[in-house]
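Topology and contacts: notes
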Protein chains: 2
Amino acid sequence: MKQENGGVTFAEGFLAAGVEANIKYKDRKDMALVWSEFPAQVAGTFTTNVVKAAPVVYDQEIVQKGDPVRGVVLNSGIANACTGEEGRKSNRFMAEAVAKEMGVQPLEILTASTGVIGVPLVTPPIEKGAGLLKKCLDKGLEAGLAAAKAIMTTDTVPKEAAASLDVRGTTIKIGGMSKGSGMIHPNMATMLSVITTDADISHSDLQEVLKDAVKDSFNMISVDRDTSTNDTCLLLANGAAGISLGKKDPEWKEFVQALRYVTVALAKQMAADGEGANKLLEVTVDHMPRVEQARILAKSVITSNLVKTAVYGSDANWGRILCALGYAGVEFDPELVNLDLIGTDQRIRLVSKGMATDYSEEEATKVLSEPVVKVYCDMASGDESATAWGCDLTYEYVKINGDYRS
Amino acid sequence: MKQENGGVTFAEGFLAAGVEANIKYKDRKDMALVWSEFPAQVAGTFTTNVVKAAPVVYDQEIVQKGDPVRGVVLNSGIANACTGEEGRKSNRFMAEAVAKEMGVQPLEILTASTGVIGVPLVTPPIEKGAGLLKKCLDKGLEAGLAAAKAIMTTDTVPKEAAASLDVRGTTIKIGGMSKGSGMIHPNMATMLSVITTDADISHSDLQEVLKDAVKDSFNMISVDRDTSTNDTCLLLANGAAGISLGKKDPEWKEFVQALRYVTVALAKQMAADGEGANKLLEVTVDHMPRVEQARILAKSVITSNLVKTAVYGSDANWGRILCALGYAGVEFDPELVNLDLIGTDQRIRLVSKGMATDYSEEEATKVLSEPVVKVYCDMASGDESATAWGCDLTYEYVKINGDYRS
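Residues numbered from 1 in each chain as written. Chains lettered and ligands numbered in written order. Predicted model: local features only at pLDDT ≥ 70, side-chain atom pairs only at ≥ 80, totals over all residues. Heavy atoms only, no water.

Before going further, it helps to examine the overall build of chain A. Tallying secondary structure elements over chain A gives 11 helices and 15 strands in all. Compactness check: chain A gives a C-alpha radius of gyration of 21 Å against a globular reference of 22 Å for 406 residues, within 12% of the reference. Seen through its C-alpha atoms, chain A measures out along the principal axes to roughly 70 × 55 × 35 Å. When each of the 406 residues of chain A is scored for burial, the buried share is 64%. In chain A, 80% of the contacts between residues at least 6 apart in sequence involve partners at least 24 apart. Carbon and sulfur atoms form 49% of the exposed surface of chain A, whose accessible area is close to 14200 Å². Looking at chain A, you have 42 positive and 54 negative side-chain charges, and the mean spots of the two groups are 4 Å apart. (Helix = DSSP H or I, 4+ residues; strand = E, 2+ residues; numbered from the N terminus. Rg over C-alpha atoms; globule rule 2.2 N^0.38 Å. Buried < 20%, exposed > 50% of the residue type's maximum accessible area, 1.4 Å probe, protein only. Contact = heavy atoms within 4.5 Å. Areas by Shrake-Rupley, 256 points an atom, 1.4 Å probe, with all protein chains shown as cover. Lys, Arg positive; Asp, Glu negative; His and termini not counted. Charge placed at Lys NZ, Arg CZ, Asp CG, Glu CD.)

What follows is the structure, encoded as structure tokens:
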């Protein structure tokens, strides 16, 4: 498996566009299309929120049915959530407008929305946008980047990742984009992500591999524990590389690894770009009896407001880390726990068997001042581990969210 | 039942003191004693954190045994958590020092600590403090207030509440104090609370009534979802009023009501004094099939960082409220939900059957600018309701917690 540069257009047979439809924003891209030259199998994972936006319900039905699709249309600015029947209508309108432009059936077009809740999409900008999308649709990295930009809301940078692998002498490509920096939480956030591959993969294998990849990536990040109404991650496989791949093949393991690289890379970009964040916080919990326990513990640490503010203040307040492990709802012996802080040049043991070492506060503050703060928690009780990603909690977060709508 | 002024010394036969022992702080009270003139039954509820401070483990054993006690010694500044055997020793030392001064057995003295994690109590200030406590021990409201002040950490105000009721012509009194403004979360927080009553109540009835009262009060508040290592709520009943009371008595219901008033009053004071908070947020979830569901939903709303920042910004961002209800893990039909904002002079319906009404943003902002923000969620699916209390998330919270230890 090779890490690559690129995004949603990296895989063969995928085109993209990002345009200014003026749905809510002026002077910036707010509508995107990811298009496959060939019918593509599609897998999806969606928000677990009881309150689901219109596009989520719409996509879930299509993914459930398992018929091939041709594209995904996405918009930013308006989430089309809590909009009732009017919202469902305007969502169908978005799919229909794009389908009409592209000459396919509406149910071959998936939809995704992100932005403010409670406002339905207005149709004239959508209609205009659909026309622009067709015009701008293109191959190549630039078109992928335009799409990645068009789905941003409070994101400060577009998020892309790509990887390739060799299967029977042919290159298989995977590329993806995502957005999300607020309402980000395990079990997904106002995150939208579209990942594409040119391998030929069955619907059921695709769904399984996506679900597994999401568990260790998007579901292991958190900015603010708020799970949104719109979270959507779609994986399209169009077979353009001419290589059929399935879980019985020996190369499947490498494909899984490559997909995981793409999803983890996107997830880490999202956590690092958390609303108001200065630092990426990476917490690994090692040596637990079960991987699910390690996941819960790692997530508990990255979601603690007290840990997040300590990281912001570069304060090695390890008591808050131990405390966050303690209330996660998983049993362990606190007097076995070791905690390390891992910097670029040094690794500092803060806690040994549940108690403070005589570490240097000055050195610890130095490590905590790096842009990526890595915490290693050795629970000394098993062989399983998990990593979660979050960010610091800053004045800026409060500012952004105290005044998001206006 | 009558609401009264007073705190932990309001009930007959209870004395208190708060002194400067210089455990960590200089120039402020940091050690308190609540003392009963007679042996008292004691009930307790404690943190559910796996990581438990030394005083928590110590108190749990005493409460479990059910023998009468004489007092509670509390300190602020140092939590004596994650301190291993040394911490257990210094905790026992604190009980012993007070027991020696007061001429009772060490196991008749409960302990509680709050403050920074990972530092054990140093014994010389404790010894000095024990002597001072004996000297300052007094009846009356002033002594109770001194104790309430001595247990404060980042609290900005002392917290006290009291109530009385008439039982067979005799007045039964209940009074309490608590502290806590950070690490506050349902299933208890670095909150310490001592409540006293002069009724004569059996150990088992006392434990049951406290557990129930905590469910609807301390376990329904949150400042930052961080459940601490030290949370302790103790209820002492010394029988000084000469009235025996139990759950089979007709007056029990009124006692339960009075105790609930005291615990809810203390809980609300803690939420309002949340670290950096400007506003108290009160969320009532009504019309759910089961009370436990209503509790989960109400807590989900008050703990959402996005709701908390919207309250800070006086932004009627009802989508975040609906979203927080949606990810609580309780099933409901979003298209039945009504949301009201309740101000001093007006009640504004923001959402009707899951969708925005045409409410005035200006009026909504006015209501949201009041010091107490009340949200009413009508789920339209049953007869049960619950109320939770939280606070807004502000710059000041980030500031306090980005630099708490230094």
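Let's shift gears to the environment of I302 of chain A. All names here are of chain A. Here I302 lies in helix α7 (residues 291-303). Residue classification places I302 among the buried positions, given a relative accessible area of 0%. Through-space distance from the C-alpha of I302 to that of Y58 is 32 Å; in sequence the pair is 244 residues apart. The residues contacting I302, other than those within four sequence positions of it, are M220, I221, S222, L281, V283, K308, A388, W389 and G390.

Each copy superposes on the other: chain B lies on chain A with an RMSD of 0.0 Å after a rotation of 180° and an axial shift of 0.0 Å. On the angle and the small slide along the axis, the relation comes out as a two-fold axis. Among all C-alpha atoms of chain B, that of Y395 of chain B lies closest to the rotation axis, at 2.5 Å. Comparing interface residues between copies, 100% of those in chain B also lie at the interface in chain A; the contact surface is shared. (Least-squares fit on C-alpha atoms with pLDDT ≥ 70 in both.)

Listing the buried residues of helix α10 (residues 361-368) of chain B in full gives A364, V367 and L368 of chain B. Taken down its axis, α10 of chain B places every buried residue within 100° of arc, on the same side. (Arc of directions from axis to C-beta.)

Moving on, we come to the sheet that holds strand β15 (residues 384-391) of chain A. All names here are of chain A. Strands sit in the order β13-β12-β11-β14-β10-β15 across an open sheet of six strands; the sheet is mixed. The sheet is open, and its two edges are formed by β13 (355-356) and β15, each paired on a single side. Where strand β10 (residues 280-288) meets β15, seven bridges bridge the pair, whose relative direction is antiparallel. Within β15, the position partnered with L280 by the bridge is C391. (Pairing = 2+ DSSP bridges.)

Another aspect to go through is the packing of helix α8 (residues 305-312) of chain A against helix α11 (residues 395-402) of chain B. Between α8 of chain A and α11 of chain B, whose axes approach to 8 Å, the crossing angle comes to 75°. Regarding the angle of α8 of chain A to α11 of chain B, the classification is roughly perpendicular. Seen from α8 of chain A, the contacting residues are N305, L306, T309, A310 and Y312 of chain A; seen from α11 of chain B, they are Y397, V398, N401 and G402 of chain B. A breakdown of the residues in the contact of α8 of chain A with α11 of chain B according to their chemical character gives five nonpolar, four polar and no charged. (Axes fitted to C-alpha atoms, helices over the stretch in contact; angles between N-to-C directions. Parallel < 35°, antiparallel > 145°, perpendicular 65-115°, else oblique. Nonpolar A, V, L, I, M, F, W, Y, C, P; charged D, E, K, R; others polar.)

With that settled, the discussion passes to the interface of chain B and chain A. Taken residue by residue, the interface counts 53 residues in chain B and 53 residues in chain A. Both sides of the chain B and chain A interface together cover about 4600 Å² of buried area, and 58% of this is carbon and sulfur. In this structure, the connection of chain B to chain A is made through two salt bridges. Along the contact surface separating chain B from chain A lie nine residue pairs in polar contact (both at pLDDT 80 or more). Contributions of two or more residues to the side of chain B that touches chain A are made by α2 (84-102), α8 (305-312), α9 (318-326) and α11 of chain B. Among the residues forming the side of chain B that touches chain A, the class breakdown is 23 nonpolar, 19 polar and 11 charged. (Buried area = accessible area lost by both parts, 1.4 Å probe. Salt bridge = Lys/Arg side-chain N within 4 Å of Asp/Glu carboxyl O. Polar contact = N/O pair within 3.5 Å; in protein donor to acceptor, adjacent residues only side chain to side chain.)

Our next topic: the side chain of T114 of chain A. Residue and element names in this part refer to chain A. Inspection of the secondary structure assignment puts T114 in strand β5 (residues 109-116). We classify T114 as buried; its relative accessible area is 1%. At 2.8 Å, the side chain of T114 forms a polar contact with the side chain of K179. Those residues in contact with T114, other than ones at most four positions away along the chain, are N75, S76, G77, I78, A79, I151, T153, K179, T190, L192 and N230.

Residue and element names in this part refer to chain A. The full count for this structure, using the stated rule, is five aromatic pairs over all chains. Ring geometry for Y312 versus Y395: centroids 5.9 Å apart, planes at 50°, classification tilted. Taken together, the positions of Y312 in helix α8 and Y395 in helix α11 (residues 395-402) put the pair 83 residues apart, joining distant regions of the chain. The partly exposed category is assigned to Y312, whose relative accessible area is 26%. Over the aromatic face of Y25 sits the side chain of R28, whose NZ or CZ is 4.0 Å from the ring centroid. Between the NZ or CZ atom of R347 and the centre of the ring of Y376, over which it lies, the distance is 4.9 Å. (Phe/Tyr/Trp six-rings, centres within 6.5 Å; stacked < 30°, edge-to-face > 60°. Lys NZ or Arg CZ within 6 Å of the ring centre and 35° of its normal.)

For the rest of this paragraph, the subject is unusual backbone geometry. Even without glycine at this site, C82 of chain A takes up a positive phi of about 55°. Residue K353 of chain B is not a glycine yet carries a positive backbone phi of 50°. If you trace the backbone, K353 of chain B turns up in the loop between β12 (347-352) and β13 (355-356). Look at K353 of chain B and you get exposed, because its relative accessible area is 55%.

Attention now goes to α8 of chain B. Burial analysis of α8 of chain B places seven of its eight residues in the buried class, which makes it a mostly covered element. Positive backbone phi, approximately 50°, marks S314 of chain B, located one or two places after α8 of chain B.

When pLDDT is averaged along chain A, the result is 92, and 96% of the positions lie at 70 or above. The ipTM, which scores confidence in the relative placement of chains, is 0.76 for this predicted complex, and the corresponding pTM is 0.82. (pLDDT = per-residue confidence, 0-100.)

Time to look at the state of the cysteines. One pass over the structure, following the stated rule, counts zero disulfides over all chains. C82 of chain B provides the cysteine sulfur closest to C377 of chain A, a residue in no disulfide bond, and the two sulfurs are 12 Å apart. You can see C82 of chain B has no disulfide; the closest cysteine sulfur is in C323 of chain A, sitting 7.9 Å from it. Residue class for C82 of chain B comes out buried when judged on its relative accessible area of 10%. (Disulfide = S-S within 2.5 Å.)

Here the focus is the sheet that holds strand β14 (residues 372-378) of chain B. Residue and element names in this part refer to chain B. Ordered in space as β13-β12-β11-β14-β10-β15, the six strands form an open sheet in which the pairing is mixed. Both outer strands of the open sheet, β13 and β15 (384-391), are each paired with one neighbouring strand and no more. This element, α9, spans β10 (280-288), β11 (338-342), β12, β13 and β14 of the sheet and lies at about 125° to β11.

Right, let's talk about the pattern of salt bridges for a bit. Overall, the coordinates contain 40 salt bridges over all chains when judged by the stated rule. With a closest N to O distance of 3.4 Å, E37 of chain A and K139 of chain A form a salt bridge. Taken together, the residues span a long stretch of sequence, with E37 of chain A in strand β3 (residues 31-46) and K139 of chain A in the loop between α3 (123-136) and α4 (141-150) at a distance of 102 residues. A relative accessible area of 34% places E37 of chain A in the partly exposed class. Residue K139 of chain A is classed as partly exposed on the basis of its relative accessible area of 44%. A salt bridge links E363 of chain B to K366 of chain B; its shortest N-O distance comes to 3.3 Å. Taken together, the residues span about one helical turn, with E363 of chain B and K366 of chain B both in helix α10 at a distance of three residues. Among the ionic contacts, a cluster of salt bridges with common partners joins E85, R88 and R92 of chain A together with E335 of chain B.

On to the side chain of D30 of chain B. Looking at where D30 of chain B falls in the secondary structure, it is placed in the loop between β2 (14-19) and β3 (31-46). From its side chain, D30 of chain B meets the backbone nitrogen of A21 of chain B in a polar contact 2.7 Å long.

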